[in-house]
Amino acid sequence: MKKIKIALLGIGTVGGGVWEILQTNKEEIFRNSSCEIEVAKILVKNTDKKRDKAIPQNLFTSNYEDIVKDKEIQIIVEVMGGIEEARDYIVRGIKAKKHIVTANKALLATHGEEIIKEAKTAGVELYYEASVAGGIPIIHALKESLAGNKVQQIMGILNGTTNYILTKMTNEKVDFDMVLKEAQEKGYAEADPTADVEGYDAAHKLTILSSLSFGTSVKFHEVYREGISKITPIDIEYAKELGYVIKLLAIGKGTDDSLELRVHPTFIPQTHPLASVNDSFNAVFVKGNAVGDLMFYGRGAGDLPTGSAVVGDIISVIKDINCKNAAAHAIEEKSNRNIKPMGETEGEYYIRLIVNDKPGVLGTIASLFGKNNVSLSSVIQKGEGVPSVSLVFITHFTKEADVQRAIEEIISLEEVAKLANLIRVENGQKRMGA
Ligand SMILES: NC(=O)C1=CN([C@@H]2O[C@H](COP(=O)(O)OP(=O)(O)OC[C@H]3O[C@@H](n4cnc5c(N)ncnc54)[C@H](OP(=O)(O)O)[C@@H]3O)[C@@H](O)[C@H]2O)C=CC1
Ligand SMILES: N[C@@H](CC=O)C(=O)O
Ligand code: NA
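Source: prediction; values computed, not measured. (Residues numbered from 1 in each chain as written. Chains lettered and ligands numbered in written order. Predicted model: local features only at pLDDT ≥ 70, side-chain atom pairs only at ≥ 80, totals over all residues.)

*Asks:* I tried to follow the domain arrangement of the protein chain on my own but got confused; where do I start?
*Replies:* Note on interface size: it is often stated as the accessible area lost on association of the parts. Domain boundaries in the protein chain define domain 1 (3–135 + 303–323), domain 2 (146–299) and domain 3 (343–425). The C-alpha-based centres of domain 2 and domain 3 are spaced at 25 Å. Taken together, the twelve residues of domain 2 in the interface contact eleven residues of domain 3. For the side of domain 2 that touches domain 3, the secondary structure elements donating two or more residues are helix H11 (233–242), strand E9 (244–254) and strand E10 (258–269). No other element matches E10, which puts six residues into the side of domain 2 that touches domain 3. Its residues assigned to classes, the side of domain 2 that touches domain 3 comprises six nonpolar, two polar and four charged. (Domains from an automatic or database assignment. Contact = placed C-beta atoms within 7 Å. Helix = DSSP H or I, 4+ residues; strand = E, 2+ residues; numbered from the N terminus. Nonpolar A, V, L, I, M, F, W, Y, C, P; charged D, E, K, R; others polar.)

Here is the structure:
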């Protein structure tokens, strides 16, 4: 029986899932790869740590040299996280002619281009299915099954933590801070939740997805990013009243000459397929010019779902080694499309203002929207009889820069106390009259 030796860099949540799948699904893995996979070494920070899996102690090392210098190890599986150390280990592994599987979205979003170049130069394989939407096979789908399409749009719920928080806020009408605290206590959200709640994690994933979808090298800093920490139960209630739900969406849209890349809270119609993706689930909606609309749904995190993607990648490497099939990558391709500045993007907008309820205030605000080419489709006023009221507007299809200019002028009015929120609306298409 042919045996292939691999090393794991890390055996935390994801590494533990990989270990478990390799033990439990030996038969299936052999059937699909014609190989027996042996974990020859595991890199950890602390070799003395008590582990809840029965792993032979002699596999552990805290010295990367034990792995990179071992000629029998053919595949390095990086599931340790972090950026600079992971980059160094991966590049050194590639130079030592080892194939790489990684789950590290932060690394790929920041150094993907360099790593892919190194892998190509060395003639080794690099797979990263687990880096976007965990167990959902979206990378494979874009690289293989959808390779004959011009991808026009990708729209995803790519972060489980924020989707869990927004779902709870929607169902239980509770504040962001309260749900976050509870999610941290239950271990759903990290102690430092910034990467998730401020949209960095989703933006890392969108960087990788849009590079593949649009065949161009997208840089992380080119993705517009806004998190969910400013969303309140009031906005969620207005969304409901207007027929929407609020989701943190990662959106990539491509035309022949430009790309739009953004992560932000979004109003989506209650009837949109992404509206019913709840709790910590992920989903990716893809529109291809041949295939039409597709939706991928599943678990974007967790030991076994993410481990499933990693083990699938290990098997792909084994197949490639055996049939010498070079993988195609787009992260390194140079763009011939401009990334649209946020001001040039177009859409509909939900705008909530707190104003002093004086005669004429609505007219003044409406005329400032009009003066800046922003046409309004709905207006709601709540809080009659009190000095401050909420004024809620949904605009027609309009340019972001026009909306921002109108808001700047509106909030400088004496009668306007503040802009309580601005949330972009995705209707999928321009509506009648927009
Ligand atoms: N958790 C998830 O559901 C998902 C995670 N990912 C990605 O997978 C990667 C791993 O995440 P996760 O499993 O959650 O991480 P964990 O923190 O659970 O585990 C990290 C593991 O790597 C080891 N490690 C960390 N840093 C070093 C280092 N500098 N040198 C040696 N060993 C190190 C740790 O060692 P020790 O055990 O000694 O502490 C631990 O075993 C990340 O890139 C993450 O973004 C992707 C999709 C989903
Ligand atoms: N923190 C991420 C998990 C892995 O990608 C999430 O909440 O989705
Ligand atoms: Na995936």
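And the narrative resumes.
*Asks:* What should I look at first to understand the pairing of strand E14 (residues 346–356) in this one?
*Replies:* A regular strand places its side chains on the two faces of the sheet in alternate fashion. Burial within E14 is extensive, with eight of its eleven residues counted as buried. As paired elements, E14 and strand E17 (residues 398–399) share two bridges and run antiparallel to each other. Looking at the pairing, Gly347 lines up with Thr398 of E17. With seven bridges connecting them, E14 and strand E16 (residues 388–395) associate as antiparallel partners. If you follow Val355 over to E16, its bridge partner there is Val389. (Buried ≥ 20, exposed ≤ 12 C-beta atoms within 10 Å, placed from the backbone. Pairing = 2+ DSSP bridges.)

*Asks:* Would you mind going over the site of ligand 1 with me for this structure?
*Replies:* Near ligand 1 lie 24 residues; those nearest to it are Gly10, Gly12, Met80, Gly81 and Ala301. At three residues, the largest contribution of residues to the shell around ligand 1 is made by helix H1 (residues 13–24). The residue inventory of the shell around ligand 1, partitioned by class, reads nine nonpolar, eleven polar and four charged. (Near = placed C-beta within 6 Å.)

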